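Observations on the model geometry
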Amino acid sequence: MRAAVARTFGSPVVLTDVPIPEPELGEVLVRVHASGVCHTDLHAIDGDWPVKPTLPFIPGHEGAGVVEKVGADVSQVKVGDRVGIAWLHDACGRCVFCLSGREALCPKQHNSGYSVNGSFAELAIARADFATKIPDGLGFVEAAPILCAGVTTYKGLKQTEARAGDWVVISGIGGLGHLAVQYACAMGLRVAAVDVADDKLALASRLGAELVVNVKKDDPVSVVQTKIGGAQASLVTAVSTKAFAAGIGVLRPGGTCVLVGLPPGDFPTPIFDVVLKGLTIRGSIVGTRLDLEEALAFAAAGKVRATSTTQQLGQVNEVLDGLRSGRVEGRVVLTYEG
Ligand code: NAD
Ligand code: ZN
Ligand code: ZN
């Protein structure tokens, strides 16, 4: 089968033929029809994070396809089912995090396209228990970006604890952020969008943002504080450490900043402001299978729709370069010939 393989960090992935994997106990083999390209794939390929994938590996964790073969002891999924391959390849199901509904924090989890091979391939393995069903009526290309960008921002917004009518600042209007704007609107929140590019901000406005700030021209902290008296919540998806301090600065007292972007590095946190304003700073990593079902239901109901362009798997290196230089609008979704 055709696959894109990362062989050395920081180099283009290699398009090559690799053996078709065999589904083992509790696993299914999925024919991938579409796979979103997330900035996390780029971090993985570049070896950006402290815990690196083991080379060589196949990236991809927004895979949407059809079950082609099932391994032993699989009854919950059958051949022909439409399923997603998401970041959470599996979790142990027994630890305190799994048992308390926080499986994305499971220390024994595996991650598609990182610690196990992912969806930048014509066929990929999923754990049957974690192969989330794609709702009828939602196409593969439409479903793919929801499998990571959608669920991550939907869950991140829930973690802000903002309520209908509250303002949320979405920082970074890329693959994640443009879906965050839509989930926020669907949840009844009012959106201020922040990015470095006017075209991204124009997209945010079209999707429902009422206030936009280009950080290359204006300081988001002073704009948000002056115009709306600060926001109850912020969600930082930007791939820039500079955006993180602003995610805290835009808050009004009692506000919550949820961090989901993962640029390597750290950022200064103003202790005085956090304490005296009673702010909450919270990290959020993808979502549970239930969060993913809910996020997909929003898409199936037409309440969110990824802005996407499609490219063939063979174009994956161009797509990655586009992400690197900030040229991608919304998401690029890979499709697979034959
Ligand atoms: P993307 O490249 O599609 O979007 C990033 C956006 O950030 C772009 O629109 C870019 O213009 C914008 N940006 C760059 N500098 C900025 C700044 N200073 N201020 C505001 N915006 C700025 O990337 P993506 O696929 O949306 O992923 C975003 C980040 O989220 C990545 O670091 C990725 O690894 C991470 N991520 C985290 C999770 C999670 O579970 N926490 C899940 C998926 C992705
Ligand atoms: Zn992702
Ligand atoms: Zn666990």
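Rules of the game
Residues numbered from 1 in each chain as written. Chains lettered and ligands numbered in written order. Predicted model: local features only at pLDDT ≥ 70, side-chain atom pairs only at ≥ 80, totals over all residues. Heavy atoms only, no water. Helix = DSSP H or I, 4+ residues; strand = E, 2+ residues; numbered from the N terminus. Rg over C-alpha atoms; globule rule 2.2 N^0.38 Å. Buried < 20%, exposed > 50% of the residue type's maximum accessible area, 1.4 Å probe, protein only. Contact = heavy atoms within 4.5 Å. Areas by Shrake-Rupley, 256 points an atom, 1.4 Å probe, with all protein chains shown as cover. Lys, Arg positive; Asp, Glu negative; His and termini not counted. Charge placed at Lys NZ, Arg CZ, Asp CG, Glu CD. Arc of directions from axis to C-beta. Axes fitted to C-alpha atoms, helices over the stretch in contact; angles between N-to-C directions. Parallel < 35°, antiparallel > 145°, perpendicular 65-115°, else oblique. Left-handed = near helix turned anticlockwise from the far one by under 90°. Nonpolar A, V, L, I, M, F, W, Y, C, P; charged D, E, K, R; others polar. Near = heavy atom within 4 Å. Polar contact = N/O pair within 3.5 Å; in protein donor to acceptor, adjacent residues only side chain to side chain. Domains from an automatic or database assignment. Buried area = accessible area lost by both parts, 1.4 Å probe. Salt bridge = Lys/Arg side-chain N within 4 Å of Asp/Glu carboxyl O. Donors = N, O, S within 2.8 Å, 3.2 Å for Na, K, Ca; no water. Tetrahedral: all angles 85-135°; square planar, octahedral: opposite > 155°, others 65-115°. Phe/Tyr/Trp six-rings, centres within 6.5 Å; stacked < 30°, edge-to-face > 60°. Lys NZ or Arg CZ within 6 Å of the ring centre and 35° of its normal.

Okay, the overall build of the protein chain next. Check the secondary structure of the protein chain and you find 11 helices and 17 strands. Relative to a compact globule of 338 residues, whose C-alpha radius of gyration would be 20 Å, the protein chain shows 19 Å and is just as compact. With respect to the three principal axes, the spread of C-alpha positions in the protein chain is 60 × 40 × 40 Å. Across the 338 residues that make up the protein chain, the buried fraction comes to 54%. By sequence separation, contacts in the protein chain at least 24 residues apart represent 68% of the contacts at least 6 residues apart. Roughly 14,300 Å² of accessible area belongs to the protein chain as shown, and the carbon and sulfur atoms make up 53% of that amount. Charge-centre separation for the protein chain: the mean point of 31 positive side chains lies 4 Å from the mean point of 34 negative side chains.

A few words now on helix H6 (residues 198-206). Taken together, the buried positions of H6 are Lys200, Leu201, Leu203 and Ala204. Mapping the buried residues of H6 onto a view down its axis gives an arc of 155°, with all of them on the same face. Structurally, H6 contributes buried residues whose contacts are with helix H5 (175-186), strand E11 (190-195) and strand E12 (211-214). At the C-terminal side of H6, Gly208 shows a positive phi close to 125°.

Now for the packing of helix H4 (residues 149-160) against H5. The geometry of H4 relative to H5 is characterised by a closest axis approach of 8 Å and an angle of 50° between their N-to-C directions. In terms of orientation, H4 and H5 fall into the oblique class. Read as a crossing pair, H4 and H5 show a hand that is right-handed. Along its contact with H4, which presents Ala149, Gly150, Thr152, Thr153, Tyr154 and Leu157, the element H5 presents Gly175, Leu176, Leu179, Ala180, Tyr183 and Ala184. For the contact of H4 with H5, the class distribution of residues is eight nonpolar, four polar and no charged.

What follows covers the site of ligand 1. Residues in close proximity to ligand 1 total 31 residues, the closest being His39, Thr40, Asp195, Val286 and Arg331. Within the contact set of ligand 1, an oxygen atom lies 3.5 Å away from a backbone nitrogen or oxygen of Ile173. In this structure, an oxygen atom belonging to ligand 1 sits 2.8 Å away from a side-chain N or O atom of Arg331. Looking at the shell around ligand 1, the elements that each hand over two or more residues are helix H1 (39-46), H5 and E11.

For an interface, size is often stated in terms of accessible area lost upon the parts coming together. Taken as a whole, the protein chain is organised into domain 1 (2-148 + 287-335) and domain 2 (150-283). The gap between the C-alpha centroids of domain 1 and domain 2 is 26 Å. Taken together, the contacts link 25 residues of domain 1 with 21 residues of domain 2. Roughly 2,000 Å² is buried in total at the junction of domain 1 and domain 2, and carbon and sulfur atoms are behind 59% of that figure. When the buried surface of domain 1 facing domain 2 is broken down by residue, Cys148, Asp291 and Phe298 rank first, second and third, together holding 22% of it. Viewed at the interface, domain 2 and domain 1 are joined by four salt bridges.

Donor atoms from the polypeptide that coordinate the zinc ion (ligand 3) comprise Cys92 (SG), Cys95 (SG), Cys98 (SG) and Cys106 (SG), at 2.3 to 2.4 Å from the metal. Given four donor atoms and angles of 106 to 115° at the metal, the environment of the zinc ion (ligand 3) is assigned as tetrahedral. Each donor residue of the zinc ion (ligand 3) lies on one chain, and together they are spaced C-x2-C-x2-C-x7-C. Look at Cys92 and you get partly exposed, because its relative accessible area is 23%. The class of Cys98 is buried, set by a relative accessible area of 13%.

Okay, the packing of aromatic side chains next. Inspection of every chain in the model, using the stated rule, returns six aromatic pairs. Between Tyr154 and Tyr183, the aromatic rings sit 5.4 Å apart at their centres with planes inclined by 40°, giving tilted as the arrangement. Of this pair, Tyr154 sits in helix H4 while Tyr183 sits in helix H5, and the two are 29 residues apart along the sequence. Each of the two residues, Tyr154 as well as Tyr183, counts as buried. Every member of this aromatic cluster is reached through a ring pair, and the members are Trp49, Trp87 and Tyr114. Over the ring of Phe140 we find Arg82; its NZ or CZ atom is 4.6 Å from the centre of that ring. Sitting over the ring of Phe130, Arg289 keeps its end group 3.7 Å from the ring centre.

In this section: the environment of Ala245. Here Ala245 lies in helix H8 (residues 242-249). Its relative accessible area of 31% is what places Ala245 among the partly exposed residues. When the C-alpha positions of Ala245 and Asp273 are compared, they lie 11 Å apart, and in sequence the two are 28 residues distant. Once residues lying within four places of it in the same chain are set aside, the contact partners of Ala245 are Phe267 and Pro268.

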